[in-house]
Amino acid sequence: MTISMKGFNPLQISVVKMNKPFISLCPEITRAHALTLMNWLEDERVTCYLSDSRHVSRSIEQAVDRTQLPILTHLFNRDGRFFMAYDRHDAPVGFVRLVKTDSNCEIVLVIGDSEKWGRNLGARTIREGMKLAFLDMRAEKLIAKIHPDNSRSLKAFLRSGFMLESETPTLKSFSMTAARYFQFLREGAGGDSARIYITEIDKARLEELIAFEQGPAAVELEHELERAIVVKPQQVACNVITMNSRALLQLDDEEYEVALVYPEDADNNAGKHSVYSDIGAAILGYQEGDAIDWRISDRTRRIEIKKVLYQPEAAGHFHL
């Protein structure tokens with residue numbers, strides 16, 4: 001794999017069922033992050049398969065020395081996109097870099113915190129990288145170039161559905177196409193989050209909305225729509241959160257009653273959360289008893305669906 005200081009820019013997103021590996025990819029790079037990156041890149045166990053890690057470490061050090069700004073994101077986003085990978089406890093554990101050339105995109109991924117190795121965080125980070133590459137950057141193919149001796153990376157990309165495209169004695173090239181990625185989503189092949197359910201009517205209206213939207217919320221919502229099991233309004237279980245449902249949630253240790261609404265009906269003070277909000281996008285399609293981790297207001301929260309208090313389909317309030 002090759003990394004370079006030319007480039008980076010991002011987003012933040014992610015969802016995982018309880019007790020599954022959790023990663024969120026975040027765009028903001030602080031001075032503290034830069035110092036963490038330098039430490040990772042000085043660890044030979046981390047960099048032994050990265051071709052220009054020493055150069056990158058020096059570049060980061062020089063960039064930090066040249067500016068006193070607390071936020072250094074702009075230095076990491078010049079010809080690609082760079083993301084810090086956070087775990088469930090909001091600790092940085094690695095990074096992802098995505099560089100798009102024409103219709104293809106290359107991914108470079110490093111889990112820099114060696115104490116977290118062996119926890120399947122690499123595969124989870126790959127899935128978050130695919131989400132951005134295909135749903136935000138609209139790549140037709142995502143490519144990973146891996147050293148043949150890098151067994152951890154090889155296993156993680158193969159587990160994530162990548163196929164071997166070419167190889168030399170010093171490099172294996174793996175790829176995932178957009179068509180294959182969307183097929184995986186629809187079949188639930190990722191297996192890292194509970195399946196969700198959405199009615200045909202809700203899906204059609206939400207697809208119309210996201211066609212005109214950009215940014216993290218639109219990416220996350222499109223991801224959920226693509227992986228959802230679509231059912232007729234009459235067939236959706238009464239304990240599933242559909243659009244215009246009200247539910248009792250436990251957010252970490254606190255309980256909240258919320259309504260999931262379309263953007264034009266949102267009123268957070270009244271507990272009406274847009275499907276484009278953090279909480280709204282998180283709960284769409286889940287059912288009573290489900291618990292998920294989701295990044296809300298720059299920190300990871302655990303959300304449990306305690307009870308669906310009202311669902312329009314169960315009450316017979318839907319339009320065919």
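The structure reproduced in this document is the subject of the present report.

Conventions and cut-offs
- Residues numbered from 1 in each chain as written.
- Predicted model: local features only at pLDDT ≥ 70, side-chain atom pairs only at ≥ 80, totals over all residues.
- Heavy atoms only, no water.
- Helix = DSSP H or I, 4+ residues; strand = E, 2+ residues; numbered from the N terminus.
- Buried < 20%, exposed > 50% of the residue type's maximum accessible area, 1.4 Å probe, protein only.
- Contact = heavy atoms within 4.5 Å.
- Polar contact = N/O pair within 3.5 Å; in protein donor to acceptor, adjacent residues only side chain to side chain.
- Phe/Tyr/Trp six-rings, centres within 6.5 Å; stacked < 30°, edge-to-face > 60°.
- Pairing = 2+ DSSP bridges.
- 1 Å grid on protein atoms, 1.4 Å probe; cavity = no way out; pocket = protein on both sides within 12 Å on 5 of 7 lines; lining within 4 Å.
- Points joined across faces, edges and corners; volume = space filled by probe spheres on them.
- Nonpolar A, V, L, I, M, F, W, Y, C, P; charged D, E, K, R; others polar.
- Axes fitted to C-alpha atoms, helices over the stretch in contact; angles between N-to-C directions.
- Core = buried A, V, L, I, M, F, W, Y, C linked by side-chain atoms within 4.5 Å.
- Salt bridge = Lys/Arg side-chain N within 4 Å of Asp/Glu carboxyl O.
- Arc of directions from axis to C-beta.

Describing the overall build of the protein chain
Consideration 1: Scanning the protein chain from N- to C-terminus turns up nine helices and 15 strands.
Consideration 2: For the protein chain, the proportion of its 320 residues judged to be buried stands at 52%.
Consideration 3: Across the protein chain, every contact between residues at least 6 apart in sequence was considered, and the portion connecting residues at least 24 apart equals 65%.

With respect to the side chain of Arg301
Consideration 1: Secondary-structure assignment places Arg301 in strand 15 (residues 299-310).
Consideration 2: Classification of Arg301 as buried rests on a relative accessible area of 10%.
Consideration 3: Within polar-contact distance, the side chain of Arg301 engages the side chain of Asp252 at 2.5 Å.
Consideration 4: If we skip the residues at most four places from it in the chain, Arg301 touches Leu251, Asp252, Glu254, Ile292, Asp293, Trp294 and Ile296.

Regarding the packing of aromatic side chains
Consideration 1: All chains considered together, the criterion is met by four aromatic pairs.
Consideration 2: Arranged with centres 5.1 Å apart and planes meeting at 25°, the rings of Phe82 and Phe95 form a pair that is stacked. Here Phe95 lies in strand 4 (residues 92-101) and Phe82 lies in strand 3 (residues 81-86), a separation of 13 residues in the sequence. The residues Phe82 and Phe95 share a single accessibility class, namely buried.
Consideration 3: Site record: aromatic cluster; members linked through ring pairs are Phe134, Tyr181 and Phe182.

A short note on the pairing of strand 15
Consideration 1: As defined by bridge partners, strand 11 (residues 246-251) adjoins strand 15 across six bridges and the pair is classed as antiparallel. Paired with Leu251 across the strands is Ile303, a residue of strand 15.
Consideration 2: Summarising the sheet, strand 14 (residues 291-296) and strand 15 pair through six bridges and their orientation is antiparallel. Residue pairing across strands places Ala291 opposite Glu304, the latter belonging to strand 15.

Quick notes on the layout of surface pockets
Consideration 1: Considered as a void within the structure, the largest pocket measures approximately 560 Å³ in volume.
Consideration 2: Every residue lining the largest pocket is counted, 27 residues in all, and those nearest its centre are Ile111, Trp117, Asn150, Arg152 and Ser153.
Consideration 3: Listing elements by their share of the lining of the largest pocket, those giving two or more residues are helix 2 (44-47), strand 5 (104-111), helix 4 (121-135) and helix 5 (151-159).
Consideration 4: When residues in the lining of the largest pocket are grouped by element, the largest group, seven residues, is from helix 5.
Consideration 5: Grouping the amino acids of the lining of the largest pocket by side-chain chemistry returns 14 nonpolar, six polar and seven charged.

Quick look at the sheet that holds strand 5
Consideration 1: Spatial ordering of the open sheet is given by 2-3-4-5-6-8-7, a layout of seven strands whose pairing is mixed. Looking at which strands have only one partner, the edges of the open sheet turn out to be strand 2 (24-26) and strand 7 (163-168). For this sheet, the mean angle separating the axes of adjacent strands, direction not counted, is 30°.
Consideration 2: Sheet topology note: the strand 5/strand 6 (residues 141-146) ladder contains three bridges and is parallel. If you follow Glu106 over to strand 6, its bridge partner there is Ile143.

A short note on the nonpolar core
Consideration 1: Counting 34 residues, the largest nonpolar core has Leu98, Met130, Phe134, Leu142, Phe162 and Tyr181 as the members making the most contacts within it.
Consideration 2: Those elements that provide at least two residues to this core are strand 3, strand 4, strand 5, helix 4, strand 6, helix 5, strand 8 (171-177) and helix 6 (178-187).
Consideration 3: Per element, the largest residue contribution to this core is seven residues, and it comes from helix 4.
Consideration 4: Residues within four places of Leu98 in sequence aside, it is in contact with Gly80, Arg81, Phe83, Cys105, Glu106, Ile107, Gly129, Leu132, Ala133, Met137 and Leu142.

Notes on the pattern of salt bridges
Consideration 1: Per the counting criterion, the structure on display carries 21 salt bridges.
Consideration 2: When the shortest N-O distance is used, the salt bridge between Asp136 and Arg81 registers 2.0 Å. Placement of Asp136 in the loop between helix 4 and strand 6 and of Arg81 in strand 3 is noted, with a sequence separation of 55 residues between them.
Consideration 3: Among the salt bridges present, the one from Lys131 reaches Glu128, with a minimum N-O distance of 3.4 Å. Of this pair, Lys131 and Glu128 both sit in helix 4, separated by three residues, roughly a single helical turn.
Consideration 4: Overall, the relative accessible area of 2% leaves Glu128 in the buried class.
Consideration 5: The network of salt bridges with common partners includes Arg124, Glu128, Lys131 and Glu220.

Re helix 5
Consideration 1: Buried within helix 5 are the following residues: Ser153, Leu154, Ala156 and Phe157. Buried residues in helix 5, looked at end-on, bunch into an arc of 170°, giving them a common side. Facing away from the buried side of helix 5 by more than 90 degrees, the exposed set consists of Arg152 and Lys155.
Consideration 2: Buried residues belonging to helix 5 abut strand 5, helix 4, strand 6 and strand 8.
Consideration 3: Where helix 5 ends, the next residue or the one after it, Gly161, has phi of about 100°, a positive value.

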